[in-house]
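Tertiary structure, described
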Amino acid sequence: MKKTLALLAALLLPLTAAAHGPTPLKSVETVTIKAPAAKVWALVSDFNGMPKWHPAVKESKIEEKDGATLRTLTLQDGGTILEQLKGKNDADMQIKYEILEGVVPVSGYTSKITVKDAGNGETTVEWFGRYYRKYVLNPPIPAGEDDESAKKAVDGIYQSGLANLKKVAEGN
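Just so you know, the residues in each chain are numbered from 1, in the order the chain's sequence is written. At least 70 in pLDDT is required for a residue's local features to be given in this predicted model, at least 80 for side-chain atom pairs to be given and counted, and no such filter applies to totals for whole chains, interfaces and linings, which use all residues. The side-chain figures draw on all heavy atoms in the structure; neither hydrogens nor water molecules are used.

We now examine the sheet that holds strand β3 (residues 68-75). Taken in spatial order, the seven strands line up as β1-β7-β6-β5-β4-β3-β2 in an open sheet, and their pairing is antiparallel. The open sheet has two edge strands with one neighbour each: β1 (25-33) and β2 (57-65). When strand polarity is set aside, the average angle formed by the axes of neighbouring strands in this sheet is 25°. On top of the sheet, helix α3 (residues 147-170) reaches β1, β6 (106-119) and β7 (122-133); it is set at about 15° to β1, its chief contact. Following DSSP output, two strands are said to pair if at least two bridges run between them. A helix here means a DSSP run of H or I that spans at least four residues, while a strand means a run of E at least two residues long, and both kinds are numbered starting from the N terminus. Fitted lines through C-alpha atoms serve as axes, helices being fitted only where they are in contact, and the angles separating the N-to-C directions of these axes extend from 0 to 180 degrees. Residue contacts follow a heavy-atom distance rule, with two residues in contact if any of their heavy atoms lie within 4.5 Å.

Rendered as structure tokens:
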């Protein structure tokens, strides 16, 4: 009996290593803006204001549900993203949110945008995200739901958003 259990354990052990699922991914983008931190924070901290500075976002709708603040972003191409505000700290100029569902090929996505006074009338904005690819099971992974697709999508969102935030805040 002991030999049978030992053999069974030896056979199943390699399967547990393969069943761990996807590895967490991270994206971090930073921009320096020639504008006061208070002006930049006013744009970033408005949870319903993303259409004012992100070129991919056509409109935003806020709703309160069971004590949570939710926003539905409608993109220029018609896709939508449902997000939940997880925290906002005006003193630290930091806002946190998560994606609940939508067209971005990610799962378990949490994000934080931090605004910092860099001195000399400049502001540094960092957009950080941690997430998994959309397909969380083991291979085969469907096209467009892999790590590369998730990272490319999030990096693109951050890069285009911060570039346009810079233009808007600097008045260009």
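A few words now on the packing of aromatic side chains. By convention, a stacked pair of Phe, Tyr or Trp rings (six-membered ring in the case of Trp) has centres within 6.5 Å and planes under 30 degrees apart, an edge-to-face pair has planes over 60 apart, and any other such pair is tilted. Here the structure, examined in full by the defined rule, presents four aromatic pairs. With a centroid separation of 4.4 Å and an interplanar angle of 15°, the aromatic rings of Trp 127 and Tyr 158 are classed as stacked. In this pair, Trp 127 is assigned in strand β7 and Tyr 158 in helix α3, connecting sequence segments 31 residues apart. A relative accessible area of 1% places Trp 127 in the buried class. Residue Tyr 158 is classed as buried on the basis of its relative accessible area of 0%. Among the aromatic residues, those joined into a ring-pair cluster are Trp 53, Trp 127 and Tyr 158. We note Arg 71 situated over the ring of Tyr 97; from NZ or CZ to the ring centre the distance is 5.2 Å. Each residue is assigned to one of three classes by its accessible area relative to the maximum for its type, calculated with a 1.4 Å probe on protein chains only: buried under 20%, partly exposed between the two thresholds, exposed over 50%. Put simply, a charge is over a ring when the Lys NZ or the Arg CZ is close to the ring centre, within 6 Å, and near the line of the ring normal, within 35 degrees.

On their own, these measurements won't tell you what the molecule is for.
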